[in-house]
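Structural characterization, general
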Amino acid sequence: MARLIPKIAPEDIANAGEREVAIALVAQLPDECIIYHSYPWLRSDRNDRSRKVTLREGEADFVIVHPKAGILVLEVKGGEIKYDHEDRGWFRHETHRVVGIKDPFEQARRNTHVLEQSIRNESFRGQPTIPCPYGYAVVFPHCEYSGGAPPGADTSMIFSAPDLEYLGQRVTKL
């Protein structure tokens, strides 16, 4: 059983989609894996024009550290999710309405690169990359995603409801 940080029971996670993903990951990934849930990050950005430094904050739904396979960032979007290829928009079907949501691949990509930069700056100063594979994927735990991958993504990076039963295997493979 993998270790979840913070040390809470996966059943206690408030967000239903994240809860289901956490339960699957903890049960299916090997003991040596560490799963960070709701991992916060803070990055300083410098505006060269105004010379002001601003802080940007974010949060990765899951950061999985597998000592042999590397690091994988997961973005979770619960509910019935659809992608519109014509306007490149993401939508969640809610009771009696459709709501636009943030691009989950862009969120996962941004979180991955911020964490990669942070790891490189803190632990591997002067090296161009961290010494392990890393990447990201998106999980839609409440629907079966159909259709192709959006630009800049691949179908191997998309996990949906039927994949939860094998999520540990799919995560390790990716």
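Scroll up to find the structure.
Residues numbered from 1 in each chain as written. Predicted model: local features only at pLDDT ≥ 70, side-chain atom pairs only at ≥ 80, totals over all residues. Heavy atoms only, no water.

**Observations regarding the environment of isoleucine 71**
Selection rule: Segments assigned H or I by DSSP are reported as helices when at least four residues long, segments assigned E as strands when at least two residues long, and all are numbered from the N terminus. Throughout this description, buried means an accessible area under 20% of the type-specific maximum (1.4 Å probe, protein chains only), exposed means over 50%, and partly exposed covers the range between. Should any heavy atoms of two residues lie within 4.5 Å, those residues are counted as being in contact.
With respect to the helices and strands, isoleucine 71 occurs in strand β4 (residues 70-76). For isoleucine 71, a relative accessible area of 18% translates into the label buried. Distance in space between the C-alpha atoms of isoleucine 71 and leucine 164 is 19 Å, their sequence separation being 93 residues. Residues contacting isoleucine 71, with those up to four places away along its chain left out, are Val63, Ile64, Val65, Ile119, Ile130, Cys132, Pro133, Tyr134 and Gly135.

**A look at unusual backbone geometry**
Negative phi characterises most residues that are not glycine, and trans characterises most peptide bonds. Cis geometry marks the peptide bond from isoleucine 5 to proline 6; its omega dihedral reads 5°. Position of proline 6 relative to the elements: it lies in the loop between β1 (3-5) and α1 (16-28). Its identity as a non-glycine residue notwithstanding, histidine 96 has a phi of 65°, on the positive side. Look at histidine 96 and you get exposed, because its relative accessible area is 81%.

**Comments concerning the layout of surface pockets**
Note the threshold: Using protein atoms alone on a 1 Å grid, points that fit a 1.4 Å probe yet trap it form a cavity, whereas open point sets bounded by protein on both sides within 12 Å along at least five of seven lines form a pocket; residues with an atom within 4 Å of a point count as lining. Grid points are joined across faces, edges and corners, and a volume is the space filled by probe spheres set on the points.
Estimated volume of the second largest pocket: approximately 180 Å³. Along its surface, the second largest pocket is lined by 14 residues, and Ala69, Ile71, Leu72, Val171 and Leu174 are the ones closest to its centre. Of all elements in the fold, only β3 (52-66), β4, β8 (134-140) and α3 (167-173) reach the threshold of two or more residues within the lining of the second largest pocket.

**A closer look at the sheet that holds strand β6 (residues 89-94)**
Consider a sheet: its strands pair through backbone hydrogen bonds, and that pairing is either parallel or antiparallel. The line we're drawing: Strands qualify as paired when DSSP identifies two bridges or more between them. Orientation is described by axes fitted as lines to C-alpha atoms, over the contacting stretch for helices, and by angles from 0 to 180 degrees between their N-to-C directions.
Taken together, the 3 strands give an open sheet; going across it, the order is β5-β6-β7, and neighbouring strands pair in antiparallel fashion. One side of each edge strand has no neighbouring strand; the edge strands of this open sheet are β5 (80-84) and β7 (97-101). Neighbour-to-neighbour, the strand axes of this sheet turn through a mean angle of 35°, independent of strand direction.

**Quick look at the state of the cysteines**
Put simply, the rule reads: Cysteine sulfur atoms are paired as a disulfide whenever they fall within 2.5 Å.
The full count for this structure, using the stated rule, is 0 disulfides. With no disulfide of its own, cysteine 132 has cysteine 33 as its nearest cysteine by sulfur position, at a separation of 12 Å.

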